[in-house]
Amino acid sequence: VSTQSTWGFAIAITRPLVSLSDGMRDLSRMEGTIVGVVKPSLLNELRETQRSYEALAVALQAFARYVPPSVVHGLLTGQINGSLGMRECDVCLLFIDMEGFTAMCEILDGGEIVEVTGPQFEQISEIIFNHKGTIDKYIGDCIMAFWGAPDSLPNPCQSCFDTVQAIQSAPDLPLPPFVSPNFSVKWRIGVHYGTALVGNFGSSQRLNFTAVGDTVNLAARLEPLNKELGTSALCSKKVHSRLAVESRLACRYMGNIVVVGRKEPVQVYEMRTSSHHTDTQWLTALHNFEHANFAAAFETFVTLEVPAPGLLVATLVMRIHIFLPQEKKKKKKKSTL
């Protein structure tokens, strides 16, 4: 056998092995274009191994569409245990919900709903992934995501806030022609930070990598609060206090509010797309309202010079009309003593 033939035979064996090794490495890291990277071997045994690898790659890539890629990577590397169990993590939770989805479902069929929501979810999901977020699940027209697990981040709250601003600044996507021209896609967002149980939740038959606990519940409660306040994105003080200075300037204090399902009030902030100077009039009006100085609060609310959520102002003014007579009665009673 000539040296040239021996060399060619060696290359025919080693090249597919090297290619297969590289593919397996990328597969374990969930990196690169996995399927089709292996050049077919001339040897039957190697070809069978390559086919098995490609089948496994296809299955894992499909699996990664049902489970967050970071979780799949953790399972492959052994960083995440595949059994039932959770651990405490400090995470920033986000719930984002599409306005008007329920009404839309009443007039559109299933295929049309998917045609409307598919591109919208694609856009939001890509923004979340680009900002290191983990999508927990899709709940109808709602997306639940979190930052800080399974991969730790320097500042989960800032990463989440940057995500919210990217969503608010994202261009509007064209809607199918069968959608009413009066309908536009708008999102309501609730964000909270705290300790939650994160991990495999469920049963021995089926597991879900998720986050549960009071932190999750409060984030979920903040999202629908936007409808009452006339805002689009709200976060708690725990989130606001962990943001960079420039990001905090882009938030507006909305008051100490009791949300559904909780006894204690929560300090809530509106998240906006750009920085603003402190809205002095707005803060003064809220301060007076929270301290039951309804007459002063009313005078400020009705003469606001800075943009404010109209629905919230209307609600507060309506409440002032209820409380103001009570305040006057108390003052009158004190003056007669």
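Our subject is the structure listed above.
Positions within a chain are numbered from 1, following the residues in the order the chain's sequence is written. Two thresholds apply to this predicted model, a pLDDT of at least 70 for residue-level local features and 80 or more for giving and counting side-chain atom pairs, whereas whole-chain, interface and lining totals are computed over all residues. Side-chain figures throughout are based on the complete set of non-hydrogen atoms in the structure, without hydrogens or water.

**Considering the overall build of the protein**
Using the following cut-off: Where helices and strands are cited, they refer to DSSP runs of H or I of at least four residues and of E of at least two residues respectively, numbered from the N terminus. Each residue's exposure class comes from its accessible area (1.4 Å probe, protein chains only) as a fraction of the maximum for that residue type: buried when under 20%, exposed when over 50%, partly exposed otherwise. Contact criterion: two residues are considered in contact whenever any of their non-hydrogen atoms come within 4.5 Å of each other. Each accessible area is a Shrake-Rupley result for a 1.4 Å probe, and residues are judged covered by the shown protein chains and nothing else.
Scanning the protein from terminus to terminus reveals 12 helices and 8 strands. Taken over 337 residues, the protein has a buried fraction of 41%. Taking the contacts inside the protein whose residues are at least 6 apart along the sequence as the reference set, 66% of them involve residues at least 24 apart. Surface accessibility of the protein: about 19100 Å² in total, with carbon and sulfur atoms responsible for 56%.

**Considerations on the side chain of His-192**
Here is the rule: Polar contact is the term for a pair of N or O atoms within 3.5 Å; when the atoms are in protein, one must be able to donate a hydrogen and the other to accept it, and sequence-neighboring residues count only if both atoms are side-chain atoms.
Residue position: His-192 is located in strand S4 (residues 187-202). At 2.6 Å, the side chain of His-192 forms a polar contact with the side chain of Ser-236.

**Brief notes about the packing of helix H10 (residues 280-290) against helix H11 (residues 294-301)**
The condition is simple: Under this scheme, a helix contributes an axis fitted over its contacting stretch, all axes are lines through C-alpha atoms, and angles between N-to-C directions fall in the 0 to 180 degree range. Throughout, the term roughly parallel applies to angles under 35 degrees, roughly antiparallel to angles over 145, roughly perpendicular to angles from 65 to 115, and oblique to all others. Working rule for handedness: look at the near helix, and if it is turned counterclockwise from the far one by less than a right angle, call the crossing left-handed; if clockwise, right-handed. By the convention adopted, Pro, Cys, Tyr, Trp, Phe, Met, Ile, Leu, Val and Ala count as nonpolar, Lys, Arg, Asp and Glu as charged, and the other residues, Gly among them, as polar.
Two numbers describe how H10 lies on H11: the axes approach to 7 Å, and their chain directions differ by 155 degrees. Between H10 and H11, the crossing angle belongs to the class labelled roughly antiparallel. Once H10 is placed against H11, the crossing between them reads as left-handed. Here Gln-281, Trp-282, Ala-285, Leu-286, Asn-288 and Phe-289 of H10 lie close against H11, whose contacting residues are Phe-294, Ala-296, Ala-297, Thr-300 and Phe-301. Residue composition of the contact of H10 with H11, grouped by class: 8 nonpolar, 3 polar and no charged.

**Points about helix H6 (residues 156-169)**
An α-helix turns once every 3.6 residues. As a result, residues three or four positions apart point the same way. Worth spelling out the cut-off: To estimate the expected span of a helix, subtract one from its residue number and multiply by 1.5 Å.
An ideal rise of 1.5 Å per residue puts 20 Å on 14 residues; H6 measures up with 20 Å between its terminal C-alpha atoms. Among the 14 residues in H6, 10 count as buried, and that is most of the element. Those residues of H6 not exposed but buried are Pro-156, Cys-157, Gln-158, Ser-159, Cys-160, Phe-161, Thr-163, Val-164, Gln-165 and Ile-167.

**Comments concerning helix H5 (residues 110-130)**
Rules: Two axes define the bend at a residue: one fitted to the seven residues ending there, one fitted to the seven starting there, and the bend is the angle between them.
For H5, which comprises 21 residues, the first-to-last C-alpha distance of 29 Å matches the rise-based estimate of 30 Å (1.5 Å per residue) to within 8%. Roughly 30 degrees is the biggest bend found in H5, and it falls at Thr-117, with proline Pro-119 one to four residues downstream. For H5, every residue scored as buried is listed here: Ile-113, Val-116, Thr-117, Gln-120, Phe-121, Gln-123, Ile-124, Ser-125, Ile-127 and Ile-128. In this fold, the buried residues of H5 make contact with strand S1 (85-98), helix H4 (101-107), strand S2 (134-139), strand S3 (142-147), H6 and S4.

**Observations concerning the pattern of salt bridges**
Applicable threshold: Each reported salt bridge corresponds to a side-chain nitrogen of Lys or Arg within 4 Å of a carboxyl oxygen of Asp or Glu.
Taken as a whole and judged by the stated rule, the model has 5 salt bridges. For Arg-262, the salt bridge is made with Asp-214, and the minimal N-O distance between the two is 2.7 Å. Taken together, the residues Arg-262 in the loop between strand S7 (251-257) and strand S8 (266-271) and Asp-214 in helix H7 (residues 214-229) connect sequence positions 48 residues apart. Through salt bridges that share partners, Asp-97, Arg-188 and Glu-223 make up one connected network.

**A word on the pairing of strand S6 (residues 233-236)**
Put simply, side chains in a regular strand alternate between the two faces of the sheet. To keep things clear, this is the line we draw: The pairing criterion for strands is at least two bridges between them, as found by DSSP.
The alternating pattern of S6 places Ala-233 and Cys-235 on one face and Leu-234 and Ser-236 on the opposite face, and all of these are buried. Sheet topology note: the S4/S6 ladder contains 3 bridges and is parallel. Residue Ile-189 lies in a different strand from S6, and its bridge partner there is Ala-233. Pairing of S6 with S8 involves 3 bridges; the strand directions are antiparallel. Note that in S8 the partner of Ser-236 across the bridge is Val-268.

**Describing the side chain of Thr-215**
Considering the arrangement of structural elements, one finds Thr-215 in helix H7. Residues within four places of Thr-215 in sequence aside, it is in contact with Val-91, Leu-93, His-192, Tyr-193, Gly-194, Thr-195 and Ala-196.

**Some details on the packing of aromatic side chains**
The condition that has to hold: Stacked, tilted and edge-to-face pairs are distinguished by plane angle, under 30 degrees for stacked and over 60 for edge-to-face with tilted covering the rest, among Phe, Tyr and Trp rings (Trp via its six-membered ring) whose centres lie within 6.5 Å.
In total, this model carries 3 aromatic pairs according to the counting rule given. Judged by centre distance (5.5 Å) and plane angle (45 degrees), the ring pair of Phe-121 and Tyr-138 falls under tilted. In this pair, Phe-121 sits in helix H5 while Tyr-138 sits in strand S2, placing the two residues 17 residues apart along the sequence. By relative accessible area, Phe-121 is classed as buried at 14%. Here Tyr-138 falls in the partly exposed class, since its relative accessible area comes to 43%. Seen in terms of ring centroids, Tyr-253 and Tyr-269 are 5.3 Å apart; in terms of plane orientation they differ by 55 degrees. Their pairing is tilted.

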